[in-house]
Amino acid sequence: MSRGTWTLADMPDLNGKRALVTGPTAGLGTSTALELARAGAEVVLVARSKDKLDATIAQFQAELPAAVFRPVIADLADQSSVRRAASEISTFGPIDILINNAGVMALPYSRTVDGFEMQFGTNHLGPFLLTGLLLPQVIASGHGRIVSVGSHAARFARRAPLDDPRTQERRYSKWSSYGESKLANLMFAFELDQRLTHAGLPVTSIAAHPGYTATELMGKTGGLGGRFMHSVSVVLGQKAEFGALPTLMAATAELPGASYIGPDGFGQMAGLPTMVKPRRRFVHDAEARERLWKLSEEATGIKYP
């Protein structure tokens, strides 16, 4: 792994560009959206809570009065909500940068309204559906970039998430489920880039992870372990503005498709962003990626163009 040198000073001028960020009302998403707007992009903000989104936009506009933000309400755990949001976004025009950032972490077992395990349904199926619905707009930009924000937790997944997401045959572990959902993000990013390349489309798919960053997700995992991790992250975790750097580099730097961007520090926990390698073999397993893709198409009812 090379040492990172990329900083916000390397952000290109994004005037005339349109970026979309999911999960912009806290943590990594807030920092990502703000810096894209600071660089001149019009930013579409996709969030679940209208109140939080309104407050976030007010915060952004106080700092960047001339910036343009477009609010869109969508719940990634509800496929009908994702489809409504995509229909609204379809009127905005081409999308230069699509960042799938929103997600949930280490939740007790529950299901989405569509009947899928909550973490897999929110972290993978929701972004899979949204990306497929918006892909024509990304293609229309002529130079589109799709960024899947993963997690270091993906390296701890012991298996690829290829079981039927409507059933729960194994004993549920919230951390294992989280790791598998983030592994799915990487598998999706790599498979998507391969499909885009084979189709000759002007879009690249890239993945990024923030390292060990103190965000509000840590405080929502619950239980003694969750409280301990939150306490440790507050002391040892890097701030969200630093954790967002890999995503911003992935979204704006000149990079080959299927790149994976993470921090350059010890264990990829913190530091400046650089190209890193995913450790799980499933990411490079074409058969496993194909199986996940077919499962995702069946679960969402979408066929990519």
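Bear in mind that the values here come from a model prediction, so they are computed numbers and not experimental data. Counting of residues starts from 1 at the beginning of each chain's written sequence and follows it residue by residue. Restriction of local features to residues with pLDDT of at least 70 applies here, the model being predicted, together with a cutoff of 80 or more for giving and counting side-chain atom pairs; totals for whole chains, interfaces and linings are based on all residues. To obtain the side-chain values, all non-hydrogen atoms of the structure were used and water was disregarded.

We now examine the nonpolar core. Here, nonpolar core refers to any group of buried Ala, Val, Leu, Ile, Met, Phe, Trp, Tyr and Cys residues whose side-chain atoms link them within 4.5 Å. Whether a residue is buried, partly exposed or exposed follows from its accessible area with a 1.4 Å probe, protein chains only, as a fraction of its type maximum: under 20%, in between, or over 50%, in that order. By size, the foremost hydrophobic cluster in this structure holds 35 residues, and its most contacted members are Leu36, Val43, Leu45 and Ile99. Strands are runs of DSSP state E lasting at least two residues, helices are runs of H or I lasting at least four, and both sets are numbered from the N terminus onward. Elements represented by at least two residues in this core include exactly strand 1 (18-22), helix 1 (27-38), strand 2 (42-47), helix 2 (50-63), strand 4 (97-100), strand 5 (144-149), strand 6 (203-208) and helix 8 (245-252). The leading source of residues in this core is helix 8, at 5 residues. What Leu45 contacts, discounting residues up to four positions off in sequence, is Val21, Pro24, Ala33, Leu53, Ile57, Phe60, Phe69, Arg70, Pro71 and Val72. Leu20, Phe128, Leu135 and Phe188 belong to the second largest nonpolar core, which has 28 residues in total. Throughout, a residue-residue contact means that at least one pair of heavy atoms, one from each residue, lies within 4.5 Å.

Next up on the list: empty space enclosed by the protein. Put plainly, a pocket is an open set of points on a 1 Å grid over the protein atoms alone with protein on both sides within 12 Å along at least five of seven lines, a cavity is a set where a 1.4 Å probe fits but cannot get out, and a lining residue has an atom within 4 Å of a point. Grid points are joined across faces, edges and corners, and a volume is the space filled by probe spheres set on the points. Counted according to the given criterion, the structure contains 3 cavities of 30 Å³ or more. Residue lining of the largest cavity: Ser151, His152, Ala154, Arg155, Leu186, His209, Tyr260, Gln268, Lys277, Pro278, Arg279 and Arg280, and that is the complete set. Only Asp, Glu, Lys and Arg are considered charged in this grouping, and only Ala, Val, Leu, Ile, Met, Phe, Trp, Tyr, Cys and Pro are considered nonpolar; every other residue, Gly among them, is considered polar. For the lining of the largest cavity, the per-class residue count stands at 4 nonpolar, 4 polar and 4 charged. Looking at the second largest cavity, its volume works out to about 60 Å³. Together, Asn100, Ala102, Asn123, Pro127, Ser148, Val149, Lys182, Asn185 and Phe188 line the second largest cavity. Contributions of two or more residues to the lining of the second largest cavity are made by helix 4 (118-140), strand 5 and helix 5 (174-199). With 3 residues, the top contributor of residues to the lining of the second largest cavity is helix 5. Among the residues making up the lining of the second largest cavity, the classes are represented as 4 nonpolar, 4 polar and 1 charged.

Another point: helix 4. End to end, helix 4 covers 32 Å across 23 residues, agreeing with the expected 33 Å (1.5 Å per residue, within 8%). Most pronounced at Leu134, the bend in helix 4 amounts to some 50°, and the proline Pro136 follows within four residues. The span you would expect from a helix comes to 1.5 Å times its residue count less one. To obtain the bend at a residue, axes are fitted to the seven residues ending there and to the seven starting there, and the angle between these axes is taken.

What follows is about the sheet that holds strand 3 (residues 69-73). Think of it this way: DSSP has to see at least two bridges between two strands before they count as a pair. Read across the sheet, 8 strands follow the order 3-2-1-4-5-6-7-8 without closing on themselves; strand pairing throughout is mixed. Each edge of the open sheet is held by one strand with a lone partner, namely strand 3 and strand 8 (273-275). Shown here is a sheet whose adjacent strand axes are inclined to one another by a mean of 20°, direction ignored. Summarising the sheet, strand 7 (residues 260-263) and strand 8 pair through 3 bridges and their orientation is antiparallel. Axis definition: a line fit to C-alpha positions, over the contact stretch in the case of helices; interaxial angles, taken between N-to-C directions, run 0 to 180 degrees.

We now examine the packing of aromatic side chains. The pairing test for Phe, Tyr and Trp rings, Trp by its six-membered ring, is centres within 6.5 Å, and the orientation test on the planes gives stacked under 30 degrees, edge-to-face over 60, and tilted for anything in between. With the rule as written, the count across this model stands at 8 aromatic pairs. The interplanar angle of 50° and the centroid separation of 5.0 Å between the aromatic rings of Phe128 and Tyr304 together place this pair among those described as tilted. Of this pair, Phe128 sits in helix 4 while Tyr304 is found in the segment after helix 9 (286-300), placing the two residues 176 residues apart along the sequence. Judged by its relative accessible area of 1%, Phe128 is buried. Taken together, the aromatic side chains of Phe128, Phe188, Trp293 and Tyr304 make up a single cluster linked through ring pairs. In this structure, Arg70 is placed above the aromatic ring of Phe92, and the distance from its NZ or CZ to the ring centre is 4.4 Å. Geometrically, a charge over a ring is one whose NZ (Lys) or CZ (Arg) sits within 6 Å of the ring centre while staying within 35 degrees of the ring normal.

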